[in-house]
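# Notes for the structure review
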Amino acid sequence: MSLAQFLDFASVFVFALTGALVASRAQLDFIGFLFFACLTAIGGGTVRDLVLDRGAVFWVQNPAYVGVACTAAVIVYFLAHRLESRYRAIIWLDALALAVAVTAGAEIARELPASWPVILMMGVTTGCLGGLMRDVVGNEVPLVLKQGELYVTAAFAGALGNVVVFSLTGSEFLAVIACVAITLALRAGSILFGWSLPTYRSFPPRQ
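Residues numbered from 1 in each chain as written. Predicted model: local features only at pLDDT ≥ 70, side-chain atom pairs only at ≥ 80, totals over all residues. Heavy atoms only, no water.

## Observations regarding the packing of helix α6 (residues 116-137) against helix α7 (residues 152-169)
Relative orientation of the contacting elements α6 and α7 amounts to 140 degrees, with a least axis distance of 9 Å. Relative to α7, α6 is oriented oblique. The interaxial crossing formed by α6 with α7 has right-handed handedness. Along its contact with α6, which presents W116, I119, L120, V124 and C128, the element α7 presents V152, A155, F156, A159, L160, N162 and V163. Among the residues making up the contact of α6 with α7, the classes are represented as 11 nonpolar, 1 polar and no charged. (Axes fitted to C-alpha atoms, helices over the stretch in contact; angles between N-to-C directions. Helix = DSSP H or I, 4+ residues; strand = E, 2+ residues; numbered from the N terminus. Parallel < 35°, antiparallel > 145°, perpendicular 65-115°, else oblique. Left-handed = near helix turned anticlockwise from the far one by under 90°. Contact = heavy atoms within 4.5 Å. Nonpolar A, V, L, I, M, F, W, Y, C, P; charged D, E, K, R; others polar.)

Right, dumping it as structure tokens:
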């Protein structure tokens, strides 16, 4: 198993946990848990593979990914009630999943090989779209659209760190560490300390 494939499996599992937790908050049945877990887990990677024209989409080529997502759904179905705050768990698990998924997307694009702008875009796509689908279908305000949150910015910075570190060192391992660390640090800072970028403010039209 390559490092990129391992990261893909890890992001599928953690994102699936967040999807199943959303299902638990909505008090869905067991099939609803499986649906939300799989949608969240494979959504971003599916779009990535279609855009990159990798042939068979990753979970079609290897159904073990779906098995990992379903395993996460089963775990949450039986253990979610033990959590003091399921929303808090979603936020932090999503932050971890984002960091891993951005890295997986960047590494998979590099393996093709793809140019650095494509690596950046595929990192952001893989990291952000699964959670976006989860929140839209679950009738939640998407984390990627919440004002004052570093989300897409964290994903972009992590993917950029991956590209820069790899270009400077040629080390896939160091590039992976940089991507995970930057993405997770920025996302955690936004959650804990309210880190954010200035938001757009419109001005009255000139007469």
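## Some remarks on the packing of helix α5 (residues 86-111) against helix α8 (residues 172-193)
Between α5 and α8, whose axes approach to 9 Å, the crossing angle comes to 150 degrees. By the criterion of interaxial angle, the relationship of α5 to α8 is roughly antiparallel. Seen along the crossing, α5 lies across α8 with a hand that is right-handed. Note on element contacts: α8 touches α5 through E172, A175, V176, C179, V180, T183, L184, R187, A188, I191 and L192, opposite R88, I91, W92, A95, L96, L98, A99, V102, T103, E107 and E111.

## Description of the packing of aromatic side chains
Counted according to the given criterion, the structure contains 7 aromatic pairs. Both rings, one in F58 and one in Y65, keep their centres 4.8 Å apart while their planes meet at 75 degrees; by these two values the pair is edge-to-face. Of the two residues, F58 and Y65, neither departs from the other in class, the shared state being buried. Aromatic ring contacts, followed pair by pair, group F30, F33, Y77 and F78 into a single cluster. If you follow R110 out to its NZ or CZ, it ends over the ring of F166, 4.1 Å from the centre. (Phe/Tyr/Trp six-rings, centres within 6.5 Å; stacked < 30°, edge-to-face > 60°. Buried < 20%, exposed > 50% of the residue type's maximum accessible area, 1.4 Å probe, protein only. Lys NZ or Arg CZ within 6 Å of the ring centre and 35° of its normal.)

## Observations regarding the environment of E140
Within the secondary structure layout, E140 lies in the loop between α6 and α7. Overall, the relative accessible area of 29% leaves E140 in the partly exposed class. When neighbours within four sequence positions are excluded, E140 is seen to be in contact with R25 and D135. Engagement of the side chain of E140 in a polar contact is seen with the side chain of R25, the distance being 3.5 Å. (Polar contact = N/O pair within 3.5 Å; in protein donor to acceptor, adjacent residues only side chain to side chain.)

## Some thoughts on the pattern of salt bridges
Considering all chains together, one arrives at 8 salt bridges under this definition. A salt bridge links D49 to R48, with the nearest nitrogen and oxygen atoms 2.9 Å apart. In this pair, the class of D49 matches that of R48, namely buried. A salt bridge links R134 to D94, with the nearest nitrogen and oxygen atoms 2.9 Å apart. Of this pair, R134 sits in helix α6 while D94 sits in helix α5, and the two are 40 residues apart along the sequence. In terms of burial, R134 and D94 fall into one category: buried. (Salt bridge = Lys/Arg side-chain N within 4 Å of Asp/Glu carboxyl O.)

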